[in-house]
Amino acid sequence: MPHTPVLYVLNGPNLNLLGTREPDVYGRDTLADVEALCRAAAEGAEVVFRQSSEEGRLIDWLHEAGEKADAVVFNPAAYSHTSIALHDAIKALAIPVVECHLSNVAAREAFRHHSYVSPVAAGVVSGFGPFSYDLAVRAALRLARARAARS
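A few points on the structure. Within any chain, residue numbers begin from 1 and follow the written order of that chain's sequence. Owing to the predicted nature of the model, reporting of local features is limited to residues with pLDDT of at least 70; listing and counting of side-chain atom pairs is limited to 80 or more, with chain, interface and lining totals taken over all residues. Only hydrogens and water are removed before side-chain values are computed, so all heavy atoms of the structure are retained for them.

**A look at the overall build of the protein**
We apply this condition: Here a strand is any run of E in DSSP of at least two residues, a helix any run of H or I of at least four, and the numbering for each starts at the N terminus. Our radius of gyration looks at C-alpha atoms and nothing else; its globule reference is 2.2 Å times the residue count to the power 0.38.
Secondary structure assignment for the protein yields 5 helices and 5 strands. Counted from the first residue to the last, the protein has its helices and strands arranged as β-α-α-β-α-β-α-β-β-α. Taking 2.2 N^0.38 as the reference for a compact globule, 151 residues should give roughly 15 Å; the C-alpha atoms of the protein span a radius of gyration of 14 Å, in line with that estimate. In terms of overall dimensions, the protein has C-alpha extents of about 45 × 30 × 25 Å along its principal axes.

**What about helix 5 (residues 131–150)?**
Here is the rule we go by: What a helix is expected to span follows from its residue count: subtract one and scale by 1.5 Å. Only protein chains enter the accessibility calculation, which uses a 1.4 Å probe. A residue is then buried if its area is under 20% of the maximum for its type, exposed if over 50%, and partly exposed in between. It only takes one pair of heavy atoms within 4.5 Å for two residues to be counted as in contact.
Taking 1.5 Å as the rise per residue, helix 5 with 20 residues should run 28 Å; its terminal C-alpha atoms sit 29 Å apart, in good agreement. Three or more residues of helix 5 are buried, namely Ser132, Tyr133, Asp134, Ala136, Val137, Ala140, Leu141 and Ala144. Looking at the buried side of helix 5, the elements it contacts are strand 1 (6–11), helix 2 (31–41), strand 3 (71–75), strand 4 (97–101) and strand 5 (123–126).

**A few points about the side chain of Asp134**
Rules: Polar contact is defined as a pair of N or O atoms within 3.5 Å, subject to the rule that within protein one atom must be able to donate a hydrogen and the other to accept it, and that residues adjacent in sequence are counted only when both atoms are side-chain atoms.
Mapped onto the fold, Asp134 is located in helix 5. In this structure the side chain of Asp134 is engaged in a polar contact, spanning 2.8 Å, whose partner is the side chain of Arg138. Not counting chain neighbours up to four residues away, the residues in contact with Asp134 comprise Leu37 and Ala41.

**Section: the side chain of Ser115**
You can see Ser115 is positioned in the loop between strand 4 and strand 5. On the basis of relative accessible area, Ser115 is assigned to the buried category, the value being 12%. A distance of 3.0 Å separates the side chain of Ser115 from the backbone nitrogen of Val117, its partner in a polar contact.

**Structural notes on a nonpolar patch on the surface**
Here is the rule: Like-charged residues are merged into a patch within 9 Å and nonpolar side chains (Val, Leu, Ile, Met, Phe, Trp, Tyr) within 5 Å, provided each residue has over 30% relative accessible area and no salt bridge. For accessible areas, the Shrake-Rupley method is used with a probe of radius 1.4 Å. Any residue's cover is judged against the shown protein chains and nothing else. Any carboxyl oxygen of Asp or Glu that lies within 4 Å of a side-chain nitrogen of Lys or Arg is treated as forming a salt bridge with it.
A surface patch of nonpolar side chains, about 290 Å² in accessible area, is lined by Phe128, Phe131 and Leu135. Along the polypeptide, Phe131 turns up in helix 5. On the basis of relative accessibility, which here comes to 44%, the residue Phe131 falls in the partly exposed class.

**Thoughts on the pattern of salt bridges**
All told, the structure shown has 5 salt bridges when counted by the stated rule. Its salt-bridge partner being Glu54, residue Arg57 comes within 4.0 Å of it at the nearest N-O pair. Residue Arg57 is classed as partly exposed on the basis of its relative accessible area, which comes to 41%. By relative accessible area, which is 45% here, Glu54 ends up partly exposed. The partner of Arg138 in a salt bridge is Asp134, with the nearest N and O atoms 2.8 Å apart. With a gap of 4 residues between them, Arg138 and Asp134 both fall in helix 5, about one helical turn apart. When salt bridges with common partners are traced through the structure, they connect Glu43, Asp134 and Arg138 into a single cluster.

What follows is the structure, encoded as structure tokens:
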């Protein structure tokens, strides 16, 4: 029986407010809408979808993903720009992590131009609104399948 890939989709602070927080920047889709989009894009892969505004919880979930998942899509939100701890947690993983953002962070405030996550991520998808997640899910699963084929 073929292996069903497991994908963790982790979401950082304030993403629980999608749909109401700064809709001109983040759009009107809710986090539930984003989850549905991810599950559809995963095309049969098992999706573990979570959100927390707590940095330590996100780190714990990354550690868990390292043991249970084939890949991670991670929107660290504002922690992208502040968290060396998330950088270190991702660096310790043997599975691909795709950093994902709804907005184009490079076109926003200068303090958002640096990410501690990007250097240790397999890739970054940003600026496409909820479609960023669709692209990130497909990329993460493609990387996971390529990794499995090499094993």
